[in-house]
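Chains, contacts and geometry: an overview
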Amino acid sequence: MTLTPVFDGHNDFLLRLLRDPGNRETIWLTGEGKGQLDLPRMRAGGFAGGFFAIYIPSPRAHDAPDFNAAMDNPPYDLPLPELIGDAAALPVAMAMAGHLMWMERTGTLTICRSTADIRAAMAAGRIAAILHMEGAEPIGADLDALHVWHAAGLRSLGPVWSRPTVFGHGVPFRFPGSPDTGPGLTEAGRRLVGECNALRIMLDLSHLNEKGFDDVAALSDAPLVATHSNAHAITPSSRNLTDRQLRMIAETKGMVGLNYATTFLREDGRQDPAIGWGPVLRHMDHLLSLLGEDHLGLGSDFDGATIPQGIGDVAGLPRLLDAFRAHGYGEPLIEKLAWKNWLAVLDRTWG
Ligand code: ZN
């Protein structure tokens, strides 16, 4: 049986290259036996492409709490790191974009600026990558850099990772917790939404708090998209979407990508890969009940999260799709969830 292609809402692979740039040929082309992504395992799992995030790591303070230890033992309520200015963020962002452009030069991946580019890359057997920013730290409040990044291929942007930016406020990692954690977009954030609409850059609402989400909903003329978030009704994490938010996403013909992070999947909020398919399927069923079949897809968080042992890494994607089949999802729905819905919402967003 041929593999069902998967187009994915979020990965942090570029962070691995940022941390070990001298080794990037091994990490990408042959795999180093670590992490959840590399080219051979993508091919083995049917991973056809997705959003590749530029994300600026915070400098780690000597007294910073151990986030992983906290998420292993809920309840947890983690403080957010401080804002990072655009001058400090820019060299890091440039390095990460540079790594993605190097990947393109190896002939194995295309940085896609349109859905025609995505379809062509998929047909040619190259990974179809979207240059995405998770947190707009590399862009100043005057927004000039947004135009530079757009010219470099940026087609998707989250105004915040959870840490605050000059544009808005994200949710602290909290379980249990509501996504309603603070103020909405700043004045610069409101201008950012307008400028992204004008440039047809997709806005990603994962990590925004609820007031920021509502501000984008009121201002944006594009479908509302959360690339890697789950259902708050199943797992009450601050990072998950309430039923009200899910209905708003459906109303705009938007999109949600299922996040594989176990702390957002498990009902007990614990970061622990020892789970069966039950929690994954409960999230999928709930999301489908509110979003409908055309507005849900996958948003793995590969290389950024502890994921269910049943998936393991990107080569395990066929096992996830088989779990959907065993649960009774038909082949047409599986194709929508695996890749077709992402391409359709990008068509609606990018025009
Ligand atoms: Zn994220």
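Throughout what follows, the structure given in this document is the object of discussion. (Residues numbered from 1 in each chain as written. Predicted model: local features only at pLDDT ≥ 70, side-chain atom pairs only at ≥ 80, totals over all residues. Heavy atoms only, no water.)

Turning to the overall build of the protein, a few remarks are in order. The number of helices and strands found in the protein is 14 helices and 11 strands. Relative to the compact-globule value of 20 Å for 351 residues, the protein shows a C-alpha radius of gyration of 18 Å, a close match. Principal-axis analysis of the C-alpha atoms gives the protein an extent of 50 × 45 × 45 Å. Here the protein holds 351 residues, and the buried ones make up 58% of them. Taking as baseline every contact in the protein between residues at least 6 positions apart, the subset at least 24 positions apart corresponds to 74%. Here the protein displays about 12700 Å² of accessible surface, and carbon together with sulfur accounts for 54% of that area. Averaging the coordinates of the 30 positive side-chain charges in the protein and doing the same for the 41 negative ones gives two points 4 Å apart. (Helix = DSSP H or I, 4+ residues; strand = E, 2+ residues; numbered from the N terminus. Rg over C-alpha atoms; globule rule 2.2 N^0.38 Å. Buried < 20%, exposed > 50% of the residue type's maximum accessible area, 1.4 Å probe, protein only. Contact = heavy atoms within 4.5 Å. Areas by Shrake-Rupley, 256 points an atom, 1.4 Å probe, with all protein chains shown as cover. Lys, Arg positive; Asp, Glu negative; His and termini not counted. Charge placed at Lys NZ, Arg CZ, Asp CG, Glu CD.)

Moving on: the coordination of the zinc ion. Surrounding the zinc ion are the protein donor atoms Glu-134 (OE), His-207 (NE2) and His-228 (NE2), which sit 2.1 to 2.2 Å from the metal. Read N to C, the donor residues that coordinate the zinc ion are spaced as E-x72-H-x20-H. Placement of the pair is Glu-134 in strand β5 (residues 127-134) and His-207 in the loop between β8 (202-203) and α9 (210-219), with a sequence separation of 73 residues. Residue classification places Glu-134 among the buried positions, given a relative accessible area of 6%. Look at His-207 and you get buried, because its relative accessible area is 5%. (Donors = N, O, S within 2.8 Å, 3.2 Å for Na, K, Ca; no water.)

Applying the stated rule across the entire model yields one cavity of 30 Å³ or more. Considering only enclosed or pocket space, the largest cavity measures out at about 60 Å³ in volume. Lining the largest cavity are Val-171, Pro-179, Leu-205, Ser-206, His-207, Leu-208, Ser-229, Ser-238, Arg-239, Asn-240, Leu-241 and Gln-245. Here the lining of the largest cavity is composed, by residue class, of five nonpolar, six polar and one charged. (1 Å grid on protein atoms, 1.4 Å probe; cavity = no way out; pocket = protein on both sides within 12 Å on 5 of 7 lines; lining within 4 Å. Points joined across faces, edges and corners; volume = space filled by probe spheres on them. Nonpolar A, V, L, I, M, F, W, Y, C, P; charged D, E, K, R; others polar.)

Where α9 is concerned, the buried positions are Glu-210, Gly-212, Phe-213 and Val-216. Projected down its long axis, α9 shows its buried positions confined to an angular sector of 160°, all on one face. (Arc of directions from axis to C-beta.)

So, about the nonpolar core. Core analysis: the largest hydrophobic core is formed by 112 residues, its most contacted members being Phe-7, Phe-52, Met-103 and Phe-324. The leading source of residues in this core is helix α14 (residues 331-350), at 10 residues. With residues near it in sequence (within four places) discarded, Phe-7 still touches Gly-49, Gly-50, Phe-51, Ile-118, Ala-128, Ile-130, Leu-298, Ala-338, Trp-339, Trp-342, Leu-343 and Leu-346. (Core = buried A, V, L, I, M, F, W, Y, C linked by side-chain atoms within 4.5 Å.)

Below, the discussion takes up the side chain of Arg-266. With respect to the secondary-structure elements, Arg-266 resides in the loop between α11 (262-265) and α12 (278-291). For Arg-266, the side chain forms a polar contact with the side chain of Asp-268, separated by 2.8 Å. Excluding residues that lie within four positions of it along the chain, Arg-266 makes contacts with Thr-235, Asp-272, Ala-274 and Ile-275. (Polar contact = N/O pair within 3.5 Å; in protein donor to acceptor, adjacent residues only side chain to side chain.)

Our focus in this paragraph is the packing of aromatic side chains. One pass over the full model with this rule turns up seven aromatic pairs. Between Trp-161 and Phe-173 the ring centres are 5.8 Å apart and the planes differ by 40°, which places this aromatic pair in the tilted class. Within this pair, whereas Trp-161 is found in the loop between β6 (154-158) and β7 (174-175), its partner Phe-173 is found in the loop between β6 and β7, the two being separated by 12 residues in sequence. The buried category is assigned to Trp-161, whose relative accessible area is 11%. Residue class for Phe-173 comes out buried when judged on its relative accessible area of 11%. (Phe/Tyr/Trp six-rings, centres within 6.5 Å; stacked < 30°, edge-to-face > 60°.)

Counting buried residues in β5 gives eight out of eight residues, a clear majority hidden from the surface. Side chains Ile-127, Ala-129, Leu-131 and Met-133 project from β5 onto one buried face, and the interleaved Ala-128, Ile-130, His-132 and Glu-134 project onto a second face that is buried too. When strand β2 (residues 47-54) meets β5, the two strands line up parallel, connected through six bridges. When the sheet's bridge partners are listed, Ile-54 is paired in β5 with Met-133. Where strand β4 (residues 109-111) and β5 come together, three bridges link them in parallel fashion. Residue Ile-111 lies in a different strand from β5, and its bridge partner there is Ala-129. Across four bridges, β5 lies against β6 in parallel orientation. (Pairing = 2+ DSSP bridges.)

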